[in-house]
Amino acid sequence: MITQTSSITGPQRPLIMVVDDDFAARLQLRFTLENAGHGVIEAGSGEEALDQFLEQPPDLIFLDIIMPGMDGFETCRRLRQTPGGEHTPVVMVTGLEDAETITQAFDAGATDFIGKPINMLILGYRVRYWLRSGAILRDLNISQQQLSKAQQIARLGHWELSLETGDFHISAQDPAQFGVNDPLCYESLFEQIVPAERHAVKQLIEEAKKQGNSFSLNYRIIPADGQERIIFNQGEIAHDRKGRPTMVVGVVQDITELKQAEDQIRYLAFYDNLTGLANRTLFREYWTKLQPQAKRSEKKIAIFFIDLDHFKRINDTLGHPVGDKVLITVADRLKNVLRQSDVVSRSALDLPSSIISRLGGDEFTVLSANFSSLDHIANLAERIIRAIEQPINWNNQTIALSASVGISVSPDDSDDLDILLKNADTAMYEAKAKGRNNFQFFQHQMNDAANARFLLANSLRRALENNEFELFYQPQFCNRNRKLSGVEALIRWQDPEQGLIPPNHFLPFAEESGLIHAINDWVIATACAQASRWVKDGLFDGCRMAINISGQNVNFRILAKYIIQALEQTGLAPGYLELELTERVLMENTDEAVDSLRRFKAMGIAIAIDDFGTGYSALSHLQLFPLTTLKIDKSFVQNISPHNNSISLLHSIVGIAKSFDLKVIAEGVETEEQLRILDTIQCDEMQGYLFSRPIPKEQLEHGLRAGTFAVPPAPCTSGPVQPAGHS
């Protein structure tokens, strides 16, 4: 195993170890971490990680859980037993997010965990936190060691109480830091303890004195500066030669920073970082506690599934930072509604009867108990909608908000949380279908929705039979010579009644219903025939026809037969064809996909992985599948700016793709600034509205014949654009 280290060295540079048996996963993290200014060493197994740790102790460790031989849990336990490894932050990297895995990780000594696929956009912030937290823990450990030695010499932080005379003394450079104003007064030990804990602390120590037992406890003090601190106080009874108790001896320590670090780690395991709301794990934990109570009291529990309407527009037009502020605002409004609601009471066990969770994106769920009727549930739903729809003022702009809310009720709909969540989600889509900004209770018979889906399925079948579909083509351009390199075939539906229908209005249902496979076949046949005609007319030299293959449960063997048949029937040479597939499609039947793609690649067909950077993206897929092209999703391109880390991320993606010998194409290029940056980071090809929208075949053919498809050079700049983190 070759250890990878950064070429940039320096005594202050944090060193991070990446432990994973998957080379591509290590490569992905290394690129991101080095671009963020960290040094990186790698280990391909738990055994190698332990050896590396002894030779070059890191400041932070990313540790994969599932590895052959010694798994991540055992590796973490062994690290904690290794000299110097007691306080090194260890972050478990896992695709398993169940409570048992999380518990096992913390039991093994993990500092935190992060789920696969890793969100590289926020990784840098979390790395800074882990490094900072680790530094705090290391500093605290050093302080504890120094304190121990000082206690041996000068009894620093040491207190004694004579059981015979009542004499008290505390030995410390500053007794006030432990809440003791008078170092000779035993009662002063308790004066600054918070009132709610003072009596219990004193009673516990008095009981230990009577019983002759040792004691250990934490409590909070409020010293003169008003800053609450957490104190650890440990003591035991000293005896004379005859075994009679004569003295209480104890040590005190300020553990505020340690407790804060521990609380932060546990916070990350159960709460959403952005909004502070509960995550899915804590949401489920509350359900297990609330459901039995509601059943005993014969009360109803409501699950509210809340989805913000048109939230994507906010992200696309105002940017993700504004989108994040909107999500935080909505979370605060939900907290306020639930705080004011009469259902937020306390049970006999002092458990809140409501909890709000953010499942991800712009989706929120509310679990609320103690309802006696559906009317009360409807009232709460109405208050939620009214609270969310209040406009948000941002930089002299007014952001309009609304939400669609679906509701399922226990025990009316089910006693199973997963079923209730699914039902609430279904009801939420019903609310969207009925105009948004409303709520709907789940109904077992949603006839309107079923009828609409039935009619849409019939219309799509009719469209295939009547040849109502047509292809538009969006040009793609080579960044090196600015010439046309290919076109992407994009389907449109020319409905006799509604006119031209864009794909996002019918393709999602086509995928869900399985009609997408017949549509894929039509697109393949039509696009190959069109490309063949252009080739024969001498208009398509050096170009490719890119075809999207989408849908669920794609049968790659049947797909391969159909593509080969289409090439033979149209006479199109394989080198003119490129297939675009998303990772979701590829991962549904990996072995079959790999076999078929190898066959395509051997024929000369280009294979592109589409929408890279979203959803399932993982660099291990670049190694697994026989690809030729990586297509960067337009969301990355549209958010690039020299003022954030997006350029660094794109630069990393391009660099990694080139290391796999893949061509890179960026979609969604809409501005000259984006073109300039993509040109600087040497992206191979581009497509987007800056050059051309998707156009009918007649318009494209006219441009091919006229030779008008070419991209002008990128705008001149005073100097090259540097990705964030690069010098």
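Residues numbered from 1 in each chain as written. Predicted model: local features only at pLDDT ≥ 70, side-chain atom pairs only at ≥ 80, totals over all residues. Heavy atoms only, no water.

Visitor: Which parts of the structure should I look at to understand helix 11 (residues 374–388)?
Guide: Residues spaced three or four apart along an α-helix face the same direction, because each turn holds 3.6 residues. Over its 15 residues, helix 11 runs 21 Å from end to end, which matches the ideal 21 Å to within 8%, given 1.5 Å per residue. Among the residues making up helix 11, those that are buried are Ile377, Ala378, Leu380, Ala381, Ile384, Ile385, Ala387 and Ile388. (Helix = DSSP H or I, 4+ residues; strand = E, 2+ residues; numbered from the N terminus. Expected span 1.5 Å × (residues − 1). Buried < 20%, exposed > 50% of the residue type's maximum accessible area, 1.4 Å probe, protein only.)

Visitor: Help me understand the side chain of Asp309, please; the structure alone is not making it clear to me.
Guide: With respect to the element layout, Asp309 can be found in the loop between strand 11 (300–308) and helix 9 (311–318). Among the polar contacts made by the side chain of Asp309, one reaches the side chain of Ser404 at a distance of 2.7 Å. In this structure the side chain of Asp309 is engaged in a polar contact, spanning 3.1 Å, whose partner is the backbone nitrogen of Asn437. Sequence-distant contacts of Asp309, that is, excluding residues within four places in its chain, are made with Ser402, Ala403, Ser404, Lys432, Arg436 and Asn437. (Polar contact = N/O pair within 3.5 Å; in protein donor to acceptor, adjacent residues only side chain to side chain. Contact = heavy atoms within 4.5 Å.)

Visitor: Would you explain a nonpolar patch on the surface in this entry?
Guide: Taken together, the side chains of Leu121, Ile122 and Tyr125 make up a nonpolar region of the molecular surface, amounting to roughly 310 Å² of accessible area. With respect to the helices and strands, the residue Tyr125 is situated in helix 5 (residues 120–154). Note on Tyr125: relative accessible area 55%, which makes it exposed. (Patch = residues over 30% accessible without salt bridge, like charges linked within 9 Å, V, L, I, M, F, W, Y side chains within 5 Å. Areas by Shrake-Rupley, 256 points an atom, 1.4 Å probe, with all protein chains shown as cover. Salt bridge = Lys/Arg side-chain N within 4 Å of Asp/Glu carboxyl O.)

Visitor: How should I be thinking about the nonpolar core in this particular structure?
Guide: Soluble, globular proteins show a tendency: their nonpolar side chains are buried together. Ranked by size, the top nonpolar core spans 107 residues in total, and within it Phe62, Leu123, Trp130, Met545 and Leu630 carry the most contacts. Top contributing element to this core by residue count: helix 15 (residues 516–536), with 9 residues. Among the nonpolar cores identified, the runner-up in size contains 33 residues, and Ala302, Phe364, Ile388 and Leu401 belong to it. (Core = buried A, V, L, I, M, F, W, Y, C linked by side-chain atoms within 4.5 Å.)

Visitor: Help me out: how do you make sense of helix 21 (residues 646–659) in this one?
Guide: End to end, helix 21 covers 20 Å across 14 residues, agreeing with the expected 20 Å (1.5 Å per residue, within 8%). Along helix 21, the residues that are buried comprise Ser646, Ile647, Ser648, Leu649, Leu650, Ser652, Ile653, Val654, Ile656 and Ala657. Positive backbone phi, at 60°, marks Asp661, one or two positions downstream of helix 21.

Visitor: Hey, could you run me through the sheet that holds strand 6 (residues 158–162) in this one?
Guide: Across a sheet, strands are paired by hydrogen bonds formed along the backbone, either parallel or antiparallel in direction. Spatially, the 5 strands line up as an open sheet ordered 7-6-10-9-8, and their pairing is antiparallel. Because the sheet does not close on itself, it has two edges, and the strands there are strand 7 (168–171) and strand 8 (215–221). Averaged over neighbouring strand pairs, the angle between their axes works out to 20° when direction is ignored. With 9 bridges joining them, strand 9 (residues 229–239) and strand 10 (residues 245–254) adopt antiparallel strand pairing. Looking at strand 10, one finds that His239 is bridged to Pro245. The sheet strands contacting helix 6 (residues 195–211) are strand 6, strand 8, strand 9 and strand 10, and the helix crosses strand 8 at an angle near 160°. Sheet strands in contact with helix 7 (residues 256–270) are strand 8, strand 9 and strand 10, and its direction is about 120° off that of strand 9. (Pairing = 2+ DSSP bridges. Axes fitted to C-alpha atoms, helices over the stretch in contact; angles between N-to-C directions.)

Visitor: Would you take a moment to explain the confidence of the model for the protein chain for this structure?
Guide: Low pLDDT marks regions whose predicted coordinates should not be analysed in detail. The predicted model of the protein chain averages 83 in pLDDT, with 89% of residues at 70 or higher. Counting contacts from residues 1–10, a segment whose pLDDT is below 50, to residues more than four positions away or on other chains yields 19 contacts. Overall, residues 716–727 carries pLDDT values under 50, and its contacts beyond four positions in sequence, including any with other chains, amount to 19 contacts. (pLDDT = per-residue confidence, 0-100.)

Visitor: Which parts of the structure should I look at to understand the packing of aromatic side chains?
Guide: Tallied over the entire structure, the rule returns 14 aromatic pairs. Consider the rings of Tyr186 and Phe190, whose centres lie 5.2 Å apart with planes at 90°: the pair is edge-to-face. In this structure Phe190 comes out as buried when scored by relative accessible area, which is 3%. Centre to centre, the rings of Phe477 and Phe691 are 5.5 Å apart; their planes meet at 65°, and the pair counts as edge-to-face. (Phe/Tyr/Trp six-rings, centres within 6.5 Å; stacked < 30°, edge-to-face > 60°.)

Visitor: Any chance you could explain the sheet that holds strand 4 (residues 90–94) here in plain terms?
Guide: Reading across from one edge, 2-1-3-4-5 is the order of the 5 strands in this open sheet, with parallel pairing throughout. Looking at which strands have only one partner, the edges of the open sheet turn out to be strand 2 (39–43) and strand 5 (112–115). Across the sheet, the axes of successive neighbouring strands diverge by a mean angle of 20°, strand direction being ignored. As defined by bridge partners, strand 4 adjoins strand 5 across 4 bridges and the pair is classed as parallel. Along strand 5, the bridge assignment pairs Met92 with Phe113. Strands in contact with helix 1 (residues 23–35) are strand 1 (15–19), strand 2 and strand 3 (60–64); relative to strand 2, the strand with the most contacts, it is inclined by about 170°. Against the sheet, helix 3 (residues 72–81) contacts strand 3 and strand 4, and its axis sits at roughly 175° relative to strand 4.

Visitor: Explain the pairing of strand 24 (residues 629–632) to me, please; I cannot follow it from the model alone.
Guide: Along a regular strand, successive side chains alternate from one face of the sheet to the other. What you see with strand 24 is no split at all: Thr629 and Lys631 on one side and Leu630 and Ile632 on the other are buried throughout. Here 3 bridges tie strand 23 (residues 606–612) to strand 24, and the two strands are oriented parallel to one another. Bridge assignment links Ala608 to a residue of strand 24, and that residue is Thr629. Two strands pair when backbone bridges link them, and strand 24 and strand 25 (residues 663–666) are joined in this way by 4 bridges, in the parallel orientation. Counterpart to Lys631 in the pairing with strand 25 is Ile665.

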